[in-house]
Each structure stands twice: as structure tokens, then as C-alpha cells.
Amino acid sequence: MTADSNHQILRYLRDHQDDMVEHLKKLIDLESPTNHKPSVDRLGGILAQELRELGADVDIIPKNQVGDCVRAKWGNGEGGILILSHMDTVWDVGTVPGRPTRIEGNRLYGVGSMDMKGGIVVALWALRALRELNIFPEQPITYLFNSDEEIGSPYSGELIEDEARKHRAVFVTEPPQ
């Protein structure tokens, strides 16, 4: 990436900041507790569609005990970058109406906003910026979403490890607290 590319990306993201906030609010409203497979699968289906719109080849990896995992790929071969996010939250279905998303000053507060849903939005918009600006890298990129991180990834841990071994770098999008 050149300095000019970096400036283009930053400008693109600043220009779409309101869109990113709306995207995050939408994901927050899609409650996805680990123990409620239908909710996690619904979120996974929406993310899969967004990834397809970004040009990815997407596959759904079925899980019986928890929500299905979602894997998106751009490019072929091993190496490249793995982006890793989880879709599940610790919040039970029905929590969001009692704790609605709100913005105070420059901060957004919402169920799951700092526990990965914010990271998902950042990663998706970074990928969107690369695509829209025609500077998507040549190297392969895989984006893997697991559905059981909040309980220690017992059903997706092996998948995560297998994917990580195929890549040169792994980026986990969970924001720091």
C-alpha cells in the first residue's frame, strides 16, 4: 500500500462514517446469543450476503450444537491473510429492546457493540473501501466468522486452527475494551 492508498482509504471511511454507525446499529439489533442457534444463523446469513456483495466466495459451515460458521474467500491458494470474528454474544434474546443503542457524544453504546460487532463493521468497511477504491490486494484473504467464541469455541476451534495454519497472518477484529 502506498501513502496515497492509505489516504484514500481514510477519506473513504470518514466519508462513510454515518453509514458505518448505521451498519453497527443494524448488527446490534440482530441479537445473536451463543445459545440461540436460529439468531446466530440469521446474523450469519446476513453477513454471508454482505460478503458476497463484496465479491467473496462464501460457504456456510454447518454446526449442530451452535450457529453455523461463515467463511468468505477472495483469491486462491494458501498464504495471505485470515480475518477472524465471532458472531455470538453473551446477551440473551430480548436484551436489546431493554437496552437500546444510543449515542452520547462521540461514543456509541449498544449490546455487543464492543464485543465483536464493532470489529465486524470495521473489517467489512475496510474490505468495502479496498473494493470500491480498486486497491484490493492480490494475495488471498479469508474472513472466518465463528459462532461459539463466548463459550470458548469448542465447536469451531479446530476450524479456526486449520484456517490459521493456511495463512501468513491472522487478524482478530475484537476491539480492545
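Attention here is on the structure that accompanies the text.

The subject of this paragraph is the side chain of aspartate 68. Inspection of the secondary structure assignment puts aspartate 68 in the loop between β1 (57–61) and β2 (69–74). Among the polar contacts made by the side chain of aspartate 68, one reaches the side chain of lysine 37 at a distance of 2.8 Å. Residues contacting aspartate 68, with those up to four places away along its chain left out, are Lys37, Asp41, Ile60, Ile61, Pro62, Lys63, Met87 and Ser147.

Our focus in this paragraph is the environment of aspartate 162. Inspection of the secondary structure puts aspartate 162 in helix α6 (residues 157–165). Spatially, the C-alpha atom of aspartate 162 lies 26 Å from that of leucine 130, the residues being 32 residues apart in sequence. There is a polar contact of 3.1 Å between the side chain of aspartate 162 and the side chain of arginine 165.

Here we take up the sheet that holds strand β6 (residues 141–146). Within a beta sheet, neighbouring strands are joined by backbone hydrogen bonds and run either parallel or antiparallel to one another. Strand order in the open sheet formed by five strands is β1-β2-β6-β3-β7, with mixed pairing between adjacent strands. The open sheet terminates on both sides in strands that have one partner only, identified here as β1 and β7 (169–172). Across the sheet, the mean angle from the axis of one strand to that of its neighbour is 20°, orientation sign disregarded. Inspection of the sheet shows β2 paired to β6 by five bridges, in the antiparallel sense. Bridge pairing links lysine 73 to threonine 142 in β6. Lying over the sheet, helix α3 (residues 37–53) contacts β1, β2 and β6, oriented at roughly 5° with respect to β2. Each of β2, β3 (81–86), β6 and β7 is contacted by helix α5 (residues 113–132), which is oriented at about 145° to β3, the strand it contacts most.

Under the defined criterion, the tally for this structure stands at 10 salt bridges. Among the ionic pairs, aspartate 59 bridges to arginine 71, the shortest N-O distance being 2.7 Å. In this pair, aspartate 59 is assigned in strand β1 and arginine 71 in strand β2, connecting sequence segments 12 residues apart. In this structure aspartate 59 comes out as partly exposed when scored by relative accessible area, which is 27%. Here arginine 102 and glutamate 104 are joined by a salt bridge, their closest N and O atoms 2.6 Å apart. For arginine 102, a relative accessible area of 41% corresponds to the partly exposed category.

The N-to-C vectors of helix α1 (residues 3–15) and α5 enclose an angle of 120°; their axes lie 10 Å apart at closest approach. Taken as axis vectors, α1 and α5 run oblique relative to one another. Of the two elements, α1 crosses α5, and the hand of that crossing is right-handed. Across the interface between the two elements, Ile9, Tyr12 and Leu13 of α1 pack against Trp125, Ala126, Arg128, Ala129, Leu130 and Glu132 of α5.

Further remarks concern unusual backbone geometry. Its identity as a non-glycine residue notwithstanding, methionine 116 has a phi of 90°, on the positive side. Here methionine 116 shows up in helix α5. The residue serine 153 is not glycine, and still its phi comes out positive at about 55°. Relative to the assigned elements, serine 153 resides in the loop between β6 and α6. Assessed through its relative accessible area of 15%, serine 153 is described here as buried.

The rules we used
Residues numbered from 1 in each chain as written. Predicted model: local features only at pLDDT ≥ 70, side-chain atom pairs only at ≥ 80, totals over all residues. Heavy atoms only, no water. Helix = DSSP H or I, 4+ residues; strand = E, 2+ residues; numbered from the N terminus. Polar contact = N/O pair within 3.5 Å; in protein donor to acceptor, adjacent residues only side chain to side chain. Contact = heavy atoms within 4.5 Å. Pairing = 2+ DSSP bridges. Axes fitted to C-alpha atoms, helices over the stretch in contact; angles between N-to-C directions. Salt bridge = Lys/Arg side-chain N within 4 Å of Asp/Glu carboxyl O. Buried < 20%, exposed > 50% of the residue type's maximum accessible area, 1.4 Å probe, protein only. Parallel < 35°, antiparallel > 145°, perpendicular 65-115°, else oblique. Left-handed = near helix turned anticlockwise from the far one by under 90°.

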